[in-house]
Every structure is written in C-alpha cells, then in structure tokens.
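One letter stands for each residue in the lines below.
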Amino acid sequence: MLIRTLSTLGLWGLVFCTIYWGQEDGGIWLLTLAAVFTQSEIYMMLTRMNQRPLRFEGLLVGVAVIPCTFYWDQINAVDLLAAAVVLTVSASLFRPSGSRDAYVKRLPATFFGILYAPFLIYFYPRILQTVEAHDLQNNAELGFGMFFVLWIVAVSKFSDMGALLVGRGIGRTKMAPSISPGKTVEGLLGGIVTATLVGAGLPFLFPQCVPENLAFGPMEACLCSIPIAVVAVIGDLIASVLKRLAGVKDSGGVIPGIGGMLDLMDSLILSAPVGYLILICLLSQ
C-alpha cells in the first residue's frame, strides 16, 4: 500500500508539473504517451487471448489520434479511424491468398485497441477544443478547459481511492464476484460519495477557474460527479475482464505498486466521453 501511495503521489506530481511547465502542449503529449502505452498493453492481453492484433499498424494509428486531432482542427478522430479502416482492409487484397484470411481476422482486435484507448482518451483534448471554441474566459491562470479535464481526472481517481478504502474497511456485499472479487457495493457507494465531495470541492476552492456565465458551481459539480464516478467503476471492471481473460494480474509493470498503464488509466478512459457530454450539456444551458 505504501508503494502504491508513493506512486500515486509521484504521478500526480508529474501531471501537475507537466501542465504547469508545458501548459496544454505538455498535457497533450502526456495523454498521447498514456494512450499509446495503454493500447500496447491491451494488444499484449489480446495476444495472450490468441486474438493477435496488428500491433504495428494499430499503434501507428493510435499515436496519431490525439496530436493530429488537436493540432489540426480540420481532422477529427473519426476521419483517422475511417482512413485506417480503408487502408487496412484494402491492404488485405494485396496479401498472398494463403495469409489473407488470417490478416482479416486480426483486424477486429486491432481496432478494438484503437477505439478503447486513443479514441476514447481523445475526448480530453476535445474538451479543450470545445472550451476554446466557446471562448469561455475565467479569472485564473489555468484555463477552464484544463481545469475541467483535471476535474474529471480527480473525480475519477478519487472515486477509485474512496471505493478501495471503504471496500477494504466495511465492504461485505460482493458487486461482481465473477469479474473482480474485491469489488463491493459498499465500496462503490463510498467511491461515489468521495467523488461527489471532490467534485464539489474543486469549484468551491477554485471559483476563479469557472467562468461567471457557466453554471458549474459546487452543487452542479456535485451532481455531475455521479455519472463520472459510475463510469469510472465500469472502466475498472472492463479492465478486470480483459486481465482475467488474458490470465494476468496486472496489465503491466511500469508503475510500482499499481501495475501497468491500463491499471492506471482504466477509470479515466470512459470518463473522457462522459465528461465531454456533461460539458456539452452545461454549454447548452
């Protein structure tokens, strides 16, 4: 637990230092690295399941999704995915007839890795673009777009932490024993409560980060934290299913006490599109 805590503090320090010194550019490249490492670990687990994705082609698309869509407004992630589908499917026509069938069977696993990691994580920079397009101004050095992204990350990760601590302390009712025996209903509720407290606390402590014409005070942020906390748990369960099917305890070993990049990002992946939808709802009011 001590190693996990130290790794968590170190990662939070890395995130804040990167954003402080690198601003949005630093955050974009940090997300890109996280997405590609996550995608690589997914491919490793799929290979252990005998799915054999096209690793090189998939990672080549994956590494392009976030920077290309952020730095070139004319390109979006759907365009890149469509182009990748056309190229990879067309490439099957030029392969020897004996290997063509095997090549085509590898495509679903290849695109699952792209969709589940870079494509969903791409909604974090999409949030930055949306905020910039609406010209939302605040009175802080940190723009609202980056504040909102950090708000989603904090709510998701503290939901994880709250679920872990409450589950270990008073957890009795198993939530999904066939998927993750350690998850409990009490832990889920504890995670949601923790997430709502953190979600409400950030705009309360840093009101200057929220534009005056946007209804995102502590009460609204508290309510918006609930769906983020729920999908964070779902993302954790999906990662548990993948690891169980692959026969591994952790997705990797790059982070001491935590495991692999997927172990770190599992609760953040589904939170990105849900957070983006919440932002769109806030802007439509």
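See above for the structure.
Residues numbered from 1 in each chain as written. Predicted model: local features only at pLDDT ≥ 70, side-chain atom pairs only at ≥ 80, totals over all residues. Heavy atoms only, no water.

## Digging into the overall build of the protein chain
Here is step 1 of the chain: Secondary structure summary: the protein chain contains 10 helices and 2 strands in total.
Here is step 2 of the chain: Taken from the N to the C terminus, the helices and strands of the protein chain come in the order α-α-α-α-α-α-β-β-α-α-α-α.
Here is step 3 of the chain: For the protein chain, the C-alpha atoms occupy an extent of roughly 65 × 50 × 35 Å along the three principal directions.
Here is step 4 of the chain: The 285 residues of the protein chain split such that 49% are buried.
Here is step 5 of the chain: The contacts in the protein chain between residues at least 6 apart in sequence include a share of 73% that link residues at least 24 apart.
Here is step 6 of the chain: Working note: accessible area of the protein chain is about 14100 Å², and carbon and sulfur atoms make up 68% of it. (Helix = DSSP H or I, 4+ residues; strand = E, 2+ residues; numbered from the N terminus. Buried < 20%, exposed > 50% of the residue type's maximum accessible area, 1.4 Å probe, protein only. Contact = heavy atoms within 4.5 Å. Areas by Shrake-Rupley, 256 points an atom, 1.4 Å probe, with all protein chains shown as cover.)

## Observations regarding the pairing of strand β2 (residues 180-184)
Along a regular strand, successive side chains alternate from one face of the sheet to the other.
Here is step 1 of the chain: By the bridge criterion, 2 bridges tie strand β1 (residues 174-176) to β2 in an arrangement that is antiparallel. The residue bridging K174 from the neighbouring strand is T184, located in β2. (Pairing = 2+ DSSP bridges.)

## Details of unusual backbone geometry
Here is step 1 of the chain: Positive phi outside glycine occurs at N50, with the angle close to 65 degrees.
Here is step 2 of the chain: Mapped onto the secondary structure, N50 falls in the loop between α1 (2-48) and α2 (55-71).
Here is step 3 of the chain: With a relative accessible area of 66%, N50 lands in the exposed category.
Here is step 4 of the chain: Located in the positive-phi region is D135, a residue other than glycine, with phi close to 55 degrees.
Here is step 5 of the chain: Within the secondary structure, D135 sits in the loop between α5 (123-133) and α6 (144-170).

## Looking at α2
Here is step 1 of the chain: Compared with the 24 Å implied by 1.5 Å per residue over 17 residues, the 25 Å span of α2 between its first and last C-alpha is a close match.
Here is step 2 of the chain: Roughly 35 degrees is the biggest bend found in α2, and it falls at V65, with proline P67 one to four residues downstream.
Here is step 3 of the chain: Restricting attention to buried positions, one finds in α2 the residues G58, L59, V61, G62, A64, V65, I66, P67, C68, T69 and F70. (Expected span 1.5 Å × (residues − 1). Bend = angle between axes of the 7 residues up to and from the residue.)

## Digging into the packing of aromatic side chains
Here is step 1 of the chain: Per the stated rule, a full pass over the model turns up 13 aromatic pairs.
Here is step 2 of the chain: Seen from their ring centres, F144 and F148 are 5.7 Å apart, and the 40 degrees between their planes marks the pair as tilted. A residue pair is termed a helical-turn pair when its members lie 3 or 4 positions apart in one helix, as F144 and F148 do in helix α6 at 4 residues.
Here is step 3 of the chain: Of the residues examined, F144 reaches a relative accessible area of 1% and is grouped as buried.
Here is step 4 of the chain: On the accessibility criterion, F148 (0% relative accessible area) is buried.
Here is step 5 of the chain: Among the aromatic residues, ring-to-ring pairing joins F144, F147, F148, W151 and F216 into one connected group. (Phe/Tyr/Trp six-rings, centres within 6.5 Å; stacked < 30°, edge-to-face > 60°.)

## Side note on α5
Here is step 1 of the chain: Taken across its 11 residues, α5 has 8 buried, putting it largely inside the fold.
Here is step 2 of the chain: When we look at burial in α5, the residues that qualify are F123, Y124, P125, I127, L128, Q129, T130 and V131.
Here is step 3 of the chain: Of the residues trailing α5, D135 is marked for its positive phi of about 55 degrees.

## Let's talk about the side chain of K157
Here is step 1 of the chain: Structurally, K157 is set in helix α6.
Here is step 2 of the chain: Since its relative accessible area comes to 17%, K157 is described here as buried.

## Regarding the packing of α6 against helix α7 (residues 185-205)
Here is step 1 of the chain: The interhelical angle for the contact between α6 and α7, taken along N-to-C directions, is 145 degrees, at an axis separation of 6 Å. Viewed along their axes, α6 and α7 form a crossing whose handedness is right-handed. Residues F147, W151, A154, V155, F158, S159, G162, A163, V166, G167 and I170 of α6 form the contact with α7, whose participating residues are E186, G187, G190, G191, T194, A195, V198, G199, L202 and P203.
Here is step 2 of the chain: Grouping the amino acids of the contact of α6 with α7 by side-chain chemistry returns 12 nonpolar, 8 polar and 1 charged. (Axes fitted to C-alpha atoms, helices over the stretch in contact; angles between N-to-C directions. Left-handed = near helix turned anticlockwise from the far one by under 90°. Nonpolar A, V, L, I, M, F, W, Y, C, P; charged D, E, K, R; others polar.)

## Some thoughts on the side chain of T184
Here is step 1 of the chain: As for its placement among the helices and strands, T184 is situated in strand β2.
Here is step 2 of the chain: Residue classification places T184 among the buried residues on the basis of a relative accessible area of 6%.
Here is step 3 of the chain: At a separation of 3.0 Å, a polar atom in the side chain of T184 contacts the main-chain amide nitrogen of G187.
Here is step 4 of the chain: In this structure T184 touches G167, G171, R172, T173, K174 and M175, once residues within four positions along its chain are discounted. (Polar contact = N/O pair within 3.5 Å; in protein donor to acceptor, adjacent residues only side chain to side chain.)

Keep in mind these values describe shape, not function.
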